[in-house]
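# Descriptive analysis of the structure
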Amino acid sequence: MAQKINLLLNKKLIISIGFLLMVTLFVGCMASVIDSNVEIADRRWTYRNHISTTFEIKDNTKAYNIYFKLRHTADYKYANIFILVHFKDGKKVITRRYQYKLAKNDGEWLGSGSGNVFSYTLPMLTNYHFPGNGKFEIEIEQNMRDNPLLEVSDVGVLVDMVQ
């Protein structure tokens, strides 16, 4: 009987150590520089409401992934979104226009849903190397025909170091 108890305790210990190791590896792979979300007042994103995120890069020898984060309600009336992104490094500004598909042809949302709200983390730049260390800013503006763009609840930026 004592052997069975010892065997069970050893199995639980091994499983616990394995779980802690996996959590440590997972957390170590998530080297976020910035993860921002800005709530859009009254879910009405206007042309003037630029979402700006400032962050610091301490190691420009590493590669980074930059993502656009979006949350909208089920009442959002388009299957896509156009945005303008201004990448600022203090010296120059580079502007790029992005289009993201948000729904399938049959109208099913592609984002992960929670009730009436759908969330997306969409790639802007992958394996990107910043030109130097220091402070950077990413500014996002909506570039759709509607002003204001209705039913957008949150917009943000995620910058992760590639491991």
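Note that the structure is predicted; figures quoted are calculated from it, not measured.

Analysis parameters
Residues numbered from 1 in each chain as written. Predicted model: local features only at pLDDT ≥ 70, side-chain atom pairs only at ≥ 80, totals over all residues. Heavy atoms only, no water. Phe/Tyr/Trp six-rings, centres within 6.5 Å; stacked < 30°, edge-to-face > 60°. Helix = DSSP H or I, 4+ residues; strand = E, 2+ residues; numbered from the N terminus. Buried < 20%, exposed > 50% of the residue type's maximum accessible area, 1.4 Å probe, protein only. Salt bridge = Lys/Arg side-chain N within 4 Å of Asp/Glu carboxyl O. Polar contact = N/O pair within 3.5 Å; in protein donor to acceptor, adjacent residues only side chain to side chain. Contact = heavy atoms within 4.5 Å. Pairing = 2+ DSSP bridges. Axes fitted to C-alpha atoms, helices over the stretch in contact; angles between N-to-C directions.

### Here's the deal with the packing of aromatic side chains
Counting across every chain of the model gives 10 aromatic pairs. Considering the side-chain rings of Phe55 and Phe130, the 5.8 Å spacing of their centres and the 75 degrees angle between planes classify their relative orientation as edge-to-face. With Phe55 in strand 3 (residues 51–57) and Phe130 in the loop between strand 8 (117–128) and strand 9 (134–142), this residue pair connects regions lying 75 residues apart in the sequence. Residue Phe55 shares its accessibility class with Phe130, and that shared class is buried. An angle of 75 degrees between the planes, with centres 5.3 Å apart, marks the rings of Tyr64 and Phe130 as edge-to-face. A residue pair is termed long-range when its members are at least 10 positions apart, and Tyr64 in strand 4 (residues 64–73) and Phe130 in the loop between strand 8 and strand 9 qualify at 66 residues. Comparing Tyr64 with Phe130 shows no difference in burial state: the two are buried. A connected cluster of aromatic rings, assembled from ring pairs, spans Phe55, Tyr64, Tyr128, Phe130 and Phe136.

### Some points on the pattern of salt bridges
Working definition: two side chains of opposite charge can pair if their charged atoms are close together. One pass over the full model with this rule turns up 7 salt bridges. Across the pair Asp35 and Lys69 runs a salt bridge whose closest N-O atoms are separated by 2.4 Å. Remark: Lys69 occurs in strand 4 and Asp35 occurs in strand 1 (residues 31–39); sequence separation between them is 34 residues. In this structure Asp35 comes out as partly exposed when scored by relative accessible area, which is 46%. For Glu56, the salt bridge is made with Lys135, and the minimal N-O distance between the two is 3.9 Å. Separated by 79 residues along the polypeptide, Glu56 in strand 3 and Lys135 in strand 9 bring together distant segments of the chain. On the accessibility criterion, Glu56 (39% relative accessible area) is partly exposed. Judged by its relative accessible area of 58%, Lys135 falls in the exposed class.

### Remarks on the side chain of Asp154
Inspection of the secondary structure assignment puts Asp154 in strand 11 (residues 152–161). Side chain to side chain, Asp154 and Ser153 meet in a polar contact 3.2 Å long. Setting aside anything within four residues of it in sequence, one finds Asp154 in contact with Val38, Glu39, Ile40, Lys69, Leu70 and Arg71.

### Thoughts on the sheet that holds strand 8
Picture the strands of a sheet paired through backbone hydrogen bonds; they go either parallel or antiparallel. In spatial order, the strands read 1-11-4-8-7; together these 5 strands make up an open sheet with antiparallel pairing. A single partner strand is all that each edge strand has here, and the edge strands are strand 1 and strand 7 (112–114). With direction set aside, neighbouring strand axes in the sheet form an average angle of 20 degrees. Here strand 7 pairs with strand 8 via 3 bridges, running antiparallel. Residue pairing for strand 8: Gly113 is matched across the bridge by Phe118.

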